[in-house]
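What follows is each chain in one-letter form.
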Amino acid sequence: MPMVIPEVSDYTGPHNSRKLSLDPLAERYKLIGTHFWPKFHLHHYVTGARVWIPDADQVWRCAELAKDYKDNVVAVIYEDAQTEDLKVKSDEDLPPLRNPDILIGENDLTSLSYLHEPAVLYNLQVRFCNHNAIYTYCGIVLVAINPYDELPIYGQDTITAYRGHNMGDLDPHIFAVAEEAFTQMEREDKDQSIIVSGESGAGKTVSAKYAMRYFASVGGSADSETHVEKKILASNPIMEAIGNAKTTRNDNSSRFGKYIELDFTRNYSIMGANMRTYLLEKSRVVFQAPDERNYHIFYQLCAVASEEKLKHLRLGHQDNFHYLNQGFSPHIDGVDDGANFHETCQAFNLLGINDNSQDQIYRVLAGILHLGNVIIDESGTDSSAINKNDESMQIASDLFGVDVDDLRKWLCHRKIVSGREVFTKPLTTSEATFSRDALAKHIYAKVFDWIVSQINKCFAAKTQPFRFIGVLDIYGFETFEINSFEQFCINYANEKLQQQFNQHVFKLEQEEYVKEQIEWEFINFYDNQPCIDLIESKLGILVLLDEECRMPKGSDQSWVEKLYDKCKKWDHFSKPRLSNTSFIIAHFADKVGYECAGFLEKNRDTVSEDCVNILKSSQYPLVRSLFTEKAKGAQTKVKVMPAGPAKSKDMKKSVGSQFRESLSLLMATLNSTTPHYVRCIKPNDDKMSFTFDPTRAIQQLRACGVLETVRISAAGYPSRWTYNEFLCRYRVLCNSRDIQRNDVRVTCQKIISNMISDEDKFKFGRTKIFFRAGQVAYMEKLRADRLCACGVMIQKNVRMFIHRKRYRTVRNAAMTIQRYTRGLMSRRRVHHMRQTAAAIKIQACMRGWLKRVRYQRLKYTIIRLQSCARGNWARQRFEHMRRVRACIVIQKHVRKYLAVKHFRLAVKGFITLQGMVRCFLARRRLKKLKIEAKSIEHQKKLNKGLENKIISLQQKLTEMKHENNNIKAYKEEITALKSQVVDMKALESQLKGTTNRVTELEALVTKLTVEVEHERGEKMDILTQKEQAEKENRELLERLNAENAKLTEELKEAQKEESLRQGEELLRRKFEAEKQQIIMESSEEKAAYQRLLGEYNRLEQKNDILEEQLAKVKGGTHKRSASNVSNSGASDTPTELVRDDIMDLSSMIGDDDIGYGSVRSRMSENSDSSRNLENIEWESPQKIPNADIKIHVPERLQELEMENAKIKDDLNRLRKSIAESEPHNNQVQEFMKQFEALQDELERRREECIQLRTVLANRSSDIRSLTENSYGKDVDIVNEDGELAVAYQTQKQVNRQLEEELKTEKMRHKETESEYKSELDRLRRDNERQQKLLSQNLSKGGGSHPEALLQSEIMRLTSENLNLQGQVDSLTEQLKKYKRTLKAYARKLKEASGTDPTDLLDVANNETDVMPVIRKKERDYMGMFEYDRSDEMQIIRVLIYELKPRVAVTFLPGLPAYILFMCIRHTDHINDDEKVRSLLNNIVNGVKRVIKKRHEDLDSTVLWLSNTLRLLHNLKQYSGDKAFQAENTVKQNEQSLKNFDLSEYRQVLSDIAVWIYNGVIKLMEEKVQPLIVPSILEHEAIAGLSGNKPGGMRGRAGSVARELESPVEPQKALDLLLKEMTQFYRTLAMFGTDPELITQVFRQIFYFICAGSLNNLLLRKDMCHWSKGMQIRYNLSHLEQWTRDMRLHESGVTETLAPIIQAAQLLQARKTDDDVHSICDMCDKLSVSQIIKILNLYTPADDFEERVPISFIHKIQTKLQERAEGEQAQATLLMNTKFAFPVRFPFNPSSIHLEDIELPDSLSLSMLKKV
């Protein structure tokens, strides 16, 4: 019968039914011993069994049994070959057994078969030292060992890898614990807590920091303005600065406890936080032990004391302050206090603490340091004093903002209130020093609390949080040589936490067993409630301490004596034998002795009330707020010393009471949440990286509760298997007939019944099998034995087969060899006989031949010797004769040389003798000359020579003066030349100044624009006059019609009387001649009129051209946007506007536009003629004189030509002057090109005038022929009433009026032109001035000033250009409005007068060179769809919004894109920029809207990815760019866009395509992601081949939630993955996606598969073995085959799988020292960290496979260091799953002709008309 599981509370508290011994620790560690092991374990202690032996140095030592265990003697052999015989008292004292090697290094300690202390310690050591794994699971606890090194396992990629995975799926990590808490909060809708504990230096703060970083990453707030998660992470530098310090065990030890609550919204995003702190170590402010430091913030302030903003703090080196120099260790290796201070300041700023508050904080902290330097001297026996000249006292008072005298007084005095009297009592030196230190500690505690409160204000959420996750970073169990009040509180808190931990672990075990519905017995776990009662119950330690503190004369000694008396009944309390001032408490971790000294003072934590009152009156608001703020619910840890006993009732709670209450509140919070535990372990005390000290580690394991978890697990059923995994692992232990595939549980029961007979050693649960400790090792031994037996059987048969086959092969080979040997010997004997006979014959012949050869050689030698000897003798005789001849020649020359030498010596002697004689004679002559020189006559001769020389010198002086005058003239000329040079330089500077004339031209154009606007106003007046003239014209026409009717009747009467008027025949002939002459003159007059009309049109065209030039000059190099691209297209050629006018006038009947000049001239002609006709008196032909009527044709043509030539000359001069002044200015050159184009246009217009003249002449002849046809030969009746003369006079008046208008217009244009020129000159000067100023500013200013100046100038010019562009656009709109008005006038004129205005410009039909003639063929489509602007949204709705993928797949791929492009072509054809802009914007917005709405539908996204790219390709193909026309046909080139440049819209479409492409990739990745791990890593072609090792509580087998999250079975996952990939490919191909893009898509998908599988492999130890590598490689081969089937293998898609392929090969490769080079060469796509990680994770799946030696890993690491060390990728561990390859859209032109595209009937697009 199953036992009822009692509640935990039944086994806790003082009424526990268990009888505890006098030593609770002994009983507890007895439970951790070996007595709970199963009784059948004795047969394991046989020869070869491995055990653990206790050791003083190594804690536990590995040994092997030398013989079987018997007679209580265990004979062991250690690893160093030492032997020892150990005696045990009983079987329960046998040494612990060692786990099989296959279980060593497991992720979860509970997966070990033997659960005990040495197994836990050794497993942690192997993982930490050999595998560099710092995290290990121990049931629900994460054990974190401080590596003292930076590891690349905390990046964003690691966070992404752990997101969404259950705890145990991947390798142990702090992120796994954080993910477990976050996931449980989401699923169970319950608050969570993470409890991080450990001793100082174990890494608690870092672990808590990484946990909060994970929450900040996965729960980032949606509010981008607040960024609460960033503020939470920013609080870490502040809290470390004010709450962390260097200790002997840790360089960055947290000297306070904190509990941070991260608040979450209903969407589980961070909305705020709250921080609670516990037990700040205030004593560190005034005292530090050797090799320790004060809080970091003080050293940071001293490091930056020289900065300007901190000089008022008057700080210096830290050694100058008493509160900082007591530890003699002011520096920390690798820590820059100055940089940390700036980081702290940045954190303050980020949290919203302004500079003023920061400055006041620094003032208070600096004041504390200066307060510590205050020297208190003795002033008598019982008094003390502070020197008035104490500089530190003055500085501290200034920094605190208080009166120095008051502070000096109350530091050395105390106020005592007795009744109504107040006394002032002086303090002794020690008391004053204590008061000073107490004040410093109190101030620092207040600052600390204020900063925490400000941080909480910054974290505070605006609304009520939905759930929270708490992170508790609290000190672990502490024990030192001297333990005081701080250690007592810390250990008390750990007792409470340990109790909560034990209850939670027991609860989880209970829930697991109940959920699996198994029978189990109660676990007798250790309960520390008696120890907690000892501390906090009535008459407990804390109560007695508070009571003693309230006593007036209470002391530490009296308090400890009370403890001895009151607490002796507690088993956990004891008194030391040799001490009366200490006591011992048996905590759960160890016995700790506490010294009572200082307990009362620290519990009271008093400070002088007078000093506090002084600080309340500070001049700084922050200091006042620290002490005037009243605690409304906040917990104050300090009470103020009362002024007298009367106020004793108002005393605040002691520190111990406050700590107990806050701890109770914390425990209540933790109990209301789901806790998660992280136990931090410090591996060594020397802070050496990856160095493990077993002694220190085991102490912490005992203290942190890890072994308690192991003990609870070992007492129950620690080993747990699912039925499927058990069957896969141990199916070798059963027969095939016992397997029932339909019922796995029955099969497992049969297997277990064959192995284990005791039913208590296992339990069958609902989904799992539970085993007692040691059973897995026993089953592994049986499995290994069975596999070994199978291996022996297989080896036996294989060896038999091999030897039998080898024997038969050897026998057959021997017989064959014998047969062939005998035949060979016979053949050799016959061959020898033949060789002997042949040798004899050969010898005979050879001997004869040798004799002959010898004789011939001897004969030849003798003859050669004779010839050589004779020749030698002849040569010797010849040589002797030659030498005799040479001797004779030599003798001759020697004799000659001696004779010549003798002759030369004689001649030289004669010459020397002659020279000596001549010198003697010369000296004699010299004496005579000296005597003569002294005589008078000789002097006279000399004077005469001097006079001659003086005369000659005077002549030379005269010549020199003349030359000097010439030189002066030359100097004047030079001066003049210099002045000319200066003038030339000035001219040169003027020439350089002409470079700014473009700006002047801009100003001129601006003025022209103003004149044009004025001119347009006049045109409006003219149009008004035209309307009046039109009205008058109608009335005139009515009168003319009536008169014509009357004339017609009179003409009929005249015809009747024709026979009676024969006498008038001669007169009629004269009239006929006169009529002919009038008709000719009329035709000439009409020609002149047309010339005037052309001149007027030319002036209007010139005006329009000047407007275009104005727009160009103002626009400069401004790039046209998509909105005004039509305007730029219209201004590309100067003649396009004129062409438009001609086209409009030629199509007047079709409601097209006409020009200004034509309408006005025609209307004015009609109106003037109407007015003249009214004033003419009609007379008979007889009254007209007979003389010839001469009509003078106006000579306007010559005048117009002269004016035209003058204007051309002016333009040419302007062009030349500008071009010569600024030859390097591109804008000016462009302006000149436009003027040349205008000149060409004027020449072409002259030719048009000539053509018009010819056409009018032809029209005159046509009129003459028409008159003859109408009246016959009697054409004179047309003018029988003198109407032709009247018409002639009227036409002359019209011509005069037109001439006057033309003169006025010409004068106005001249004035406008002169104004434009002057404005251009002014603007050019202004531009020069601005350029000079700009160059001066650029030369003077440096750094960012010139850039800012340029930027402002660019902004100003840009704004001006935009304004000018707006003006041009408004003028263009007015022009269109005028054209429409003129169109209406022309239509009315046609209706009124019956004349066709298009007759005036019939010449346009003859100008085939201006506009191409389009000949329309039957059904010859242009490849465009015409539509109305109102139907645009209907088209977008049908083609984009309502188009379904299932319908689109039946069309031509990309049909919507083709239809939309054909609509764009029509807008280009009609040159409607507004229409094309509207269409393109609606297309872009429509695609965006559809994708946003259907972003989760793969078919829709692929559909519009394909259509967007097709539209983009069409815009490129038909853009007219030659780069995109290489593959076009002639017809496609003709269909290119003519008017619009849509390059900017191409970029917009490209960006949209990239956006859709990323969406497609995201959709595919989301569908593929759940299949990656099951298909690549977990799929097994042969089930059970790899074999699963036993898993613990956190193993994947224990994750039931995994089955709910991932319903994909691994055996089907690979097929599903390939099916999804095939579906992706078909979808992309079905909608006509470009092949290159398909390649890019699958390249990205394969990279994502590789990254996901490799990252998961790197974080899963159970996957790293040989058989799994083979399975992975097999699974990847399916993907490679798929790429070959889809013909994607040649595009390099499979290259992205190289990392995971190499990882699989690395798992399969041999791992010996000879394979180091080959492995390094093979894994070139893996980083160094990844290779080392895989080798560290590599674990054999069976005992038959060898482990990777550590030496091999070191060799691999050394070899890999030779790679490029600078590559950053080599340092990364996980692949970046967010990495995306660059997206490229190669141009893919379409071969489909636009004219062949038809609209399907299924699309309701009847509004589209194919053109």
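All values derive from a computational prediction rather than experimental measurement.

Draft legend 1. Fine view of the sheet that holds strand β7 (residues 192-197). Pairing is mixed across the open sheet formed by seven strands, whose spatial order is β5-β6-β20-β7-β16-β10-β11. Strand pairing shows two members of the sheet lacking a second neighbour, β5 (135-138) and β11 (270-278), which therefore form its edges. In this sheet, adjacent strand axes meet at a mean angle of 20° when their direction is disregarded. With respect to the sheet, helix α5 (residues 204-218) is in contact with β6 (141-145), β7, β10 (257-264), β11, β16 (467-473) and β20 (674-681), its orientation differing from that of β16 by roughly 160°.

Draft legend 2. Geometry of the state of the cysteines. Throughout the structure, instances matching the rule amount to zero disulfides. Unpaired in terms of disulfides, C790 finds its nearest cysteine sulfur in C788, a separation of 9.2 Å.

Draft legend 3. The arrangement of the pairing of β16 in detail. With respect to burial, β16 is a largely interior element, six of its seven residues being buried. Inspection of the sheet shows β7 paired to β16 by five bridges, in the parallel sense. Bridge pairing in β16 links S193 to G470. Strand direction decides the pairing type here: β10 and β16, joined by seven bridges, are antiparallel. Bridge assignment links Y259 to a residue of β16, and that residue is L472.

Draft legend 4. Geometry of the environment of V73. With respect to the helices and strands, the residue V73 is situated in strand β3 (residues 73-78). Measuring from C-alpha to C-alpha, the distance between V73 and S90 comes to 9.8 Å, with 17 residues separating the pair along the chain. Setting aside chain neighbours within four positions, we find V73 in contact with D85, L86 and K87.

Draft legend 5. Seen up close, the side chain of H173. Within the secondary structure, H173 is located in the loop between α3 (156-162) and α4 (174-188). Separated by 2.9 Å, the side chain of H173 and the backbone oxygen of I153 make a polar contact. Residues in contact with H173, not counting those within four places in the same chain, are Y135, Y137, L142, I153, Y154, T158 and Y162.

Draft legend 6. Main features of the nonpolar core. Counting 322 residues, the largest nonpolar core has F215 and F583 as its most contacted members. Per element, the largest residue contribution to this core is 16 residues, and it comes from helix α42 (residues 1543-1578). Beyond its immediate sequence surroundings of up to four residues, F583 is in contact with I541, W559, V560, L563, Y564, F573, S574, P576, V592, G593, Y594 and F599. Grouped together as the second largest cluster of nonpolar side chains are 20 residues, Y723, I756, F762 and F771 included.

Draft legend 7. A look at helix α16 (residues 556-566). Listed as buried for α16 are D556, W559, V560, L563 and Y564. Along α16, the residues classed as buried sweep out an arc of 145° about the axis, all on the same side. Where α16 is buried, its residues meet α15 (541-550), β17 (573-574), β18 (582-586) and α17 (599-604).

Draft legend 8. Here's a closer look at the packing of helix α46 (residues 1666-1685) against helix α47 (residues 1698-1708). It is the contact of α46 with α47, at a shortest axis distance of 7 Å, that shows an interaxial angle of 150°. Overall, the two elements α46 and α47 adopt an arrangement that is roughly antiparallel. Once α46 is placed against α47, the crossing between them reads as left-handed. Counting all contacts with α46, which are made through W1666, G1669, M1670, I1672, R1673, L1676 and E1680, the residues of α47 involved are I1700, I1701, A1704, Q1705, L1707 and Q1708. When its residues are assigned to classes, the contact of α46 with α47 shows eight nonpolar, three polar and two charged.

Draft legend 9. Summary view of unusual backbone geometry. In this model, N132 sits at a positive phi of 55°, which is unusual for a non-glycine residue. In this fold, N132 is placed in the loop between α2 (117-130) and β5. On the accessibility criterion, N132 (37% relative accessible area) is partly exposed. Backbone geometry at D291 places phi at a positive 65°, although glycine is not the residue there. Here D291 is to be found in the loop between β11 and α7 (296-303). Here D291 falls in the partly exposed class, since its relative accessible area comes to 48%.

Draft legend 10. Spotlight on a nonpolar patch on the surface. Side chains of I794, V798, F801 and I802 sit close together on the surface and give an oily, nonpolar patch of about 370 Å² of accessible area. Relative to the assigned elements, I802 resides in helix α25 (residues 775-933).

Draft legend 11. Spatial organisation of the environment of E1000. Within the fold, E1000 resides in helix α27 (residues 997-1056). Residue classification places E1000 among the buried residues on the basis of a relative accessible area of 2%. Taking C-alpha positions, E1000 is 6.3 Å from E1319, a pair spaced 319 residues apart along the chain. E1000 has contacts with E1319, L1320, D1321, R1322, L1323, R1324 and R1325, leaving out every residue within four places of it along the chain.

Draft legend 12. Representation of the packing of aromatic side chains in the model. Summed over all chains, the structure comprises 37 aromatic pairs. With centroids separated by 5.2 Å and ring planes inclined at 55°, the aromatic side chains of W52 and Y122 adopt a geometry described as tilted. Of this pair, W52 sits in strand β1 (residues 50-55) while Y122 sits in helix α2, and the two are 70 residues apart along the sequence. Of the residues examined, W52 reaches a relative accessible area of 5% and is grouped as buried. Ring geometry for Y1625 against W1682: centres 6.4 Å apart, planes inclined by 90°, an arrangement best described as edge-to-face. Taken together, the residues Y1625 in helix α44 (residues 1610-1630) and W1682 in helix α46 connect sequence positions 57 residues apart. What links up through ring pairs into an aromatic cluster is the set F485, F488, W559, F573, F583, Y594 and F599. A cation over a ring is seen here: R679 above F501, with NZ or CZ 4.8 Å from the ring centre.

Draft legend 13. Structural view of helix α49 (residues 1728-1737). In terms of burial, α49 is largely enclosed, as nine of its ten residues are buried. By the burial criterion, the buried members of α49 are V1728, Q1730, I1731, I1732, K1733, I1734, L1735, N1736 and L1737. Packed against the buried residues of α49 are α2, α45 (1635-1658), α47 and α50 (1750-1760).

Draft legend 14. Representation of the confidence of the model for the protein in the model. Chain-level pLDDT for the protein is 77 on average; 76% of the residues reach the 70-or-more range. Contacts of residues 222-226 to residues separated by more than four positions or lying in other chains number three contacts, the stretch itself having pLDDT below 50. A low-confidence stretch, residues 1340-1345 (pLDDT under 50), is modelled with two contacts involving residues beyond four sequence positions or located in other chains.

Draft legend 15. Seen up close, the pattern of salt bridges. Under the definition given, this model contains 38 salt bridges. Close ionic contact of D189 with R467 constitutes a salt bridge, the shortest N to O distance being 3.3 Å. Taken together, the residues span a long stretch of sequence, with D189 in the loop between α4 and β7 and R467 in strand β16 at a distance of 278 residues. Notably, a salt bridge pairs R255 with E281, separated by 2.5 Å at the nearest N-O pair. Taken together, the positions of R255 in the loop between β9 (253-254) and β10 and E281 in the loop between β11 and α7 put the pair 26 residues apart, joining distant regions of the chain. Given a relative accessible area of 11%, R255 falls into the buried group. Since its relative accessible area comes to 16%, E281 is described here as buried. Three or more residues are tied together by salt bridges with common partners; here these are E199, K682, D685 and R696.

Draft legend 16. View of the sheet that holds β18. A sheet is described by the order of its strands in space; here three strands give the open sequence β17-β18-β19, paired in antiparallel fashion. Edge positions in the open sheet fall to β17 and β19 (591-595), since each of these has one partner strand only. Relative to β19, β18 runs antiparallel, the two sharing five bridges. Bridge pairing in β19 links A586 to K591.

Draft legend 17. Region of the structure containing the side chain of R276. Checked against the element boundaries, R276 lands in strand β11. The contacts of R276, once residues within four sequence positions are left out, are G257, K258, Y259, E261, L665 and T669.

What counts and what doesn't
- Residues numbered from 1 in each chain as written.
- Predicted model: local features only at pLDDT ≥ 70, side-chain atom pairs only at ≥ 80, totals over all residues.
- Heavy atoms only, no water.
- Pairing = 2+ DSSP bridges.
- Helix = DSSP H or I, 4+ residues; strand = E, 2+ residues; numbered from the N terminus.
- Axes fitted to C-alpha atoms, helices over the stretch in contact; angles between N-to-C directions.
- Contact = heavy atoms within 4.5 Å.
- Disulfide = S-S within 2.5 Å.
- Buried < 20%, exposed > 50% of the residue type's maximum accessible area, 1.4 Å probe, protein only.
- Polar contact = N/O pair within 3.5 Å; in protein donor to acceptor, adjacent residues only side chain to side chain.
- Core = buried A, V, L, I, M, F, W, Y, C linked by side-chain atoms within 4.5 Å.
- Arc of directions from axis to C-beta.
- Parallel < 35°, antiparallel > 145°, perpendicular 65-115°, else oblique.
- Left-handed = near helix turned anticlockwise from the far one by under 90°.
- Nonpolar A, V, L, I, M, F, W, Y, C, P; charged D, E, K, R; others polar.
- Patch = residues over 30% accessible without salt bridge, like charges linked within 9 Å, V, L, I, M, F, W, Y side chains within 5 Å.
- Areas by Shrake-Rupley, 256 points an atom, 1.4 Å probe, with all protein chains shown as cover.
- Salt bridge = Lys/Arg side-chain N within 4 Å of Asp/Glu carboxyl O.
- Phe/Tyr/Trp six-rings, centres within 6.5 Å; stacked < 30°, edge-to-face > 60°.
- Lys NZ or Arg CZ within 6 Å of the ring centre and 35° of its normal.
- pLDDT = per-residue confidence, 0-100.

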